[in-house]
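Residues per chain, in single letters:
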Amino acid sequence: MSDTTSAVPPRPLSVGDIVVGPTDLLGEWVAAQVTSIDPSWKKVGVLDLDWSGPEPSSTDDLGVIEPLVLTHNSWNGRLSYVNCDWVLPRSFRVLGSLPLIHDQPSNSYTSSWRVGYQLARQRAWDRGERDWNEPGELEMTPADLDHALADGAPVQSDVHSLKSTGLSEVDCLRIASTFPNLKRLTLGGNLGQVTNAGMLNKLGRLRDLFISDLFGMTKSDCLLPIEVPNLEYLYLDSVPHEYASAMRSRWRSEAANGTSVSITKARKPEWVQENCQNPLRDWDGREHISSGRFKKAVAQFKKTRSEVLEVLSGQPGETTSRRLEDVGRNYASAFNRLDGRSPFIETEEREELFAALDKVMAESELELGRSLAAERLALLSGVEDARDW
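Residues numbered from 1 in each chain as written. Predicted model: local features only at pLDDT ≥ 70, side-chain atom pairs only at ≥ 80, totals over all residues. Heavy atoms only, no water.

### Structural notes on the overall build of the protein
- Scanning the protein from N- to C-terminus turns up nine helices and 13 strands.
- Along the three orthogonal principal directions, the C-alpha set of the protein runs to about 80 × 50 × 45 Å.
- A burial count over the protein gives 46% of its 389 residues as buried.
- For the protein, restricting intrachain contacts to residue pairs at least 6 apart in sequence, the fraction spanning at least 24 positions comes to 64%. (Helix = DSSP H or I, 4+ residues; strand = E, 2+ residues; numbered from the N terminus. Buried < 20%, exposed > 50% of the residue type's maximum accessible area, 1.4 Å probe, protein only. Contact = heavy atoms within 4.5 Å.)

Here it is in structure tokens:
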């Protein structure tokens, strides 16, 4: 829950407001109605309307307003209705206010306003287009992105949305040069390194920027509102502390102009050095995991890793599998205790605990130059025997 005491959105909104804005997907303006405002969570209910057209001057231009009913794919007649971040994007404005056309709350949540997206998908479906994809949207693996950014690669001016995760390194100068018309950019790493981050200021049309678990940026790389005046979403997670502080300072006041800013897990250099080999590092700062539990979890993983390596360092024999099963049971039991009476190990954490052990085994296979399939099975069997999470 937010700790803010503010009771109103940064851009004034009221229940019943009709908001309108342009969308490239239809080449027209679209509309939605604000159905609720929750100051505690900084969320507003946003009900998409089944309307598009030229820029309206009043609510009369919308005619009889109707909610957008979705029948494409597996929506089965549900309304296009979500709870969004309460910052009204700068490309939208309040047209006027009308009585609510739907007063029941939505159970769906999202961070960004995508008014017009579902309308475009529904209209494509109604035309018989069953495999509609957003034009100009591109998702690339790190290898594909490297190829696209190589010397001599063509400029891709038609790409408006680019997403690439799992990056070990990326040059933002090459991104800005290769994809000059980007409006949405999502970059994710695994303690990856960014160079020339300040060159993102060349992307004058940029509206959404999402960066996570990437490093190498400094305060001199800060995005500038004068260079990217259309920015509506700035989400940074697990980035250098210096860069995060500069971006927060520069963009915090822009919420009043329609830029939603979320900057979390600002990391200092010492943290990066300490956690570069820690597969549970993402737990640090996760909302439902306390600092104390994070530290105990890391300590237990390190202990288990040492025990696994000790067993594998000996000669393979009948006792190896039995010893690894014991290590697995001890690992599971330790996290049973840590989970305690207020459990925090959910699906994501459970998968990460198994992935951490798998990483130890994979690294050992490389070092020993042989398969450890039987040993891996024994270790995980021990975990399964004892775990409550």
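### Digging into empty space enclosed by the protein
- One pass over the full model with this rule turns up one cavity of 30 Å³ or more.
- Estimated volume of the largest cavity: approximately 50 Å³.
- Lining the largest cavity are Q277, P279, F301, R305, A356, K359, V360 and E363.
- The set of elements that each furnish at least two residues to the lining of the largest cavity consists of helix 6 (291-313) and helix 8 (347-368).
- With four residues, helix 8 is the single largest residue contributor to the lining of the largest cavity.
- Here the residues of the lining of the largest cavity sort into four nonpolar, one polar and three charged. (1 Å grid on protein atoms, 1.4 Å probe; cavity = no way out; pocket = protein on both sides within 12 Å on 5 of 7 lines; lining within 4 Å. Points joined across faces, edges and corners; volume = space filled by probe spheres on them. Nonpolar A, V, L, I, M, F, W, Y, C, P; charged D, E, K, R; others polar.)

### Quick word on the packing of helix 7 (residues 318-339) against helix 9 (residues 373-386)
- In the contact formed by helix 7 and helix 9, the axes pass within 7 Å of each other and the chain directions differ by 35°. Helix 9 is crossed by helix 7, and the crossing has right-handed handedness. Contacts between helix 7 and helix 9 involve T320, S321, L324, E325, V327, G328, R329, Y331, A332, S333 and N336 from the former and E375, A378, L379, G382, V383, D385 and A386 from the latter.
- Its residues assigned to classes, the contact of helix 7 with helix 9 shows eight nonpolar, six polar and four charged. (Axes fitted to C-alpha atoms, helices over the stretch in contact; angles between N-to-C directions. Left-handed = near helix turned anticlockwise from the far one by under 90°.)

### A short note on the sheet that holds strand 10 (residues 184-195)
- Strands sit in the order 8-9-10-11-12-13 across an open sheet of six strands; the sheet is parallel. The outermost strands of the open sheet, each flanked by one partner alone, are strand 8 (137-139) and strand 13 (260-267). On average, adjacent strands in this sheet sit at an angle of 10° to one another, irrespective of strand direction.
- With eight bridges joining them, strand 9 (residues 161-171) and strand 10 adopt parallel strand pairing. If you follow E169 over to strand 10, its bridge partner there is Q193.
- Packed on one face of the sheet, helix 4 (residues 241-251) meets strand 11 (208-215), strand 12 (233-240) and strand 13 and runs near 155° to strand 12. (Pairing = 2+ DSSP bridges.)

### Describing the pattern of salt bridges
- Overall, the coordinates contain 24 salt bridges when judged by the stated rule.
- With its nearest N and O atoms 4.0 Å apart, the salt bridge here joins R123 to E28. Residue R123 is found in helix 1 (residues 117-126), and its partner E28 is found in strand 2 (residues 28-38); the two are separated by 95 residues along the sequence.
- Residue E28 is classed as partly exposed on the basis of its relative accessible area, which comes to 29%.
- Two residues, R174 and D171, come together in a salt bridge whose shortest N-O distance is 4.0 Å.
- Judged by relative accessible area, R174 falls into the partly exposed class, the value being 32%.
- Bridged by salt links that share partners, the residues R114, E134, E137, R184 and D208 form one connected network. (Salt bridge = Lys/Arg side-chain N within 4 Å of Asp/Glu carboxyl O.)

### Some points on the side chain of S161
- Locating S161 in the fold gives a position in strand 9.
- Dropping the residues within four chain positions of it, S161 is found in contact with G136, E137, L138, L182 and R184.

### Some words on the environment of S108
- Tracing the sequence through the fold places S108 in the loop between strand 7 (93-97) and helix 1.
- When the C-alpha atoms of S108 and N83 are compared, they prove to be 6.1 Å apart, with 25 residues separating the residues in sequence.
- Aside from chain neighbours lying at most four places away, what touches S108 is R78, Y81, V82 and N83.

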